[in-house]
Amino acid sequence: MEKLLTAPHFLKATLLAVCALSSLDGAIIWASSRNSELRGSHATVSAITPLKQITISTDRGSLTVQIGTNVTITDQYLGDMGLRNLLQYLTKDLTSLTIRNAGITKEGISALLEWDSNHHIRNLATLDLGCNNIGLEGILLLTRRLRLHFANITTLNLEHNNIGDDVTDMLIHDSMMPRNLKTINLRGNPLSPTSLGQLIGRFSGVNGRPLLMHESLPL
């Protein structure tokens, strides 16, 4: 028979858990199929959506991930098949999705948009797809439907995805971008000075401070 914790004991256990997390200096714990590692990212402790550990299949094996309001997969192969399998576990209160250097292509972007069409994720504020292989077709697919599917995004990271001048018109078009978008990271993409100038004009904040991130621009 399970032993139920009384309110004082439950509060004590909760505080110990929070202290343990804070001692990690803001790290989020996630596990691969072979070992567990700490990655530098923000951690959240939520009583509404507790973390859940799942193992998903990819075309190269399996990957174990922590699922909560923030989901982070970095420098681990996921692939389009793995992403499609992952999506079925994500919750409607998802606020941040980071899938970096995980082997995602245009097929993965298509799966992501199809998933949102069925689940209507409206709390997503951060979408980080940096260092993948989305390519021109994937970027065009994403930008054409970004505002429709992820209207409340404030931070979009598309660095090192081989984005060239061909998509500049899509990125600067007001009807394509989410109204609340504050920062877009395009570092590591081959953009011409002309395109950068157009993008800076589109993504500017208070006092003309650029919200576009690119290695040719000052921080």
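Nothing here was measured: the structure is a model prediction, and the numbers come from that model.

Some words on the packing of helix α3 (residues 106-119) against helix α4 (residues 135-149)
Item 1. At a closest axis distance of 9 Å, the pairing of α3 and α4 adopts a crossing angle of 15 degrees. Here α3 lies roughly parallel to α4, going by the angle between them. Of the two elements, α3 crosses α4, and the hand of that crossing is left-handed. Contacts between α3 and α4 involve K106, I109, S110, L113, D116 and S117 from the former and E137, G138, L141, L142, R145 and H149 from the latter.
Item 2. Split into classes, the residues belonging to the contact of α3 with α4 amount to four nonpolar, four polar and four charged.

Description of helix α2 (residues 79-87)
Item 1. For α2, the set of buried residues is G79, D80, G82, L83, L86 and L87. End-on view of α2: buried residues confined to an arc of 160 degrees, all on one side of the axis.
Item 2. Buried residues belonging to α2 abut β3 (52-58), β4 (61-67), β5 (70-74), β6 (96-100) and α3.

As for the confidence of the model for the protein chain
In low-pLDDT segments, the atomic positions of the prediction should not be examined closely.
Item 1. Of all residues in the protein chain, 71% attain a pLDDT of 70 or more, and the chain-wide mean is 75.
Item 2. Ranking the elements of the protein chain by mean pLDDT puts strand β1 (residues 27-31) last, at 29, and β6 first, at 97.
Item 3. When the criterion is pLDDT under 50, residues 1-49 qualifies, and its contacts beyond four places in sequence or with other chains add up to 51 contacts.

Focus on the packing of α2 against α3
Item 1. Where α2 contacts α3, the two axes come as close as 8 Å, and the packing angle between them is 15 degrees. On the basis of the axis angle, α2 is roughly parallel to α3. As α2 packs across α3, the resulting crossing turns out to be right-handed. Within the contact between the two elements, α2 uses D80, L83, R84 and L87 and α3 uses E107, G108, A111, L112, E114 and W115.
Item 2. Here the residues of the contact of α2 with α3 sort into five nonpolar, one polar and four charged.

Cut-offs and rules
- Residues numbered from 1 in each chain as written.
- Predicted model: local features only at pLDDT ≥ 70, side-chain atom pairs only at ≥ 80, totals over all residues.
- Heavy atoms only, no water.
- Axes fitted to C-alpha atoms, helices over the stretch in contact; angles between N-to-C directions.
- Helix = DSSP H or I, 4+ residues; strand = E, 2+ residues; numbered from the N terminus.
- Parallel < 35°, antiparallel > 145°, perpendicular 65-115°, else oblique.
- Left-handed = near helix turned anticlockwise from the far one by under 90°.
- Contact = heavy atoms within 4.5 Å.
- Nonpolar A, V, L, I, M, F, W, Y, C, P; charged D, E, K, R; others polar.
- Buried < 20%, exposed > 50% of the residue type's maximum accessible area, 1.4 Å probe, protein only.
- Arc of directions from axis to C-beta.
- pLDDT = per-residue confidence, 0-100.

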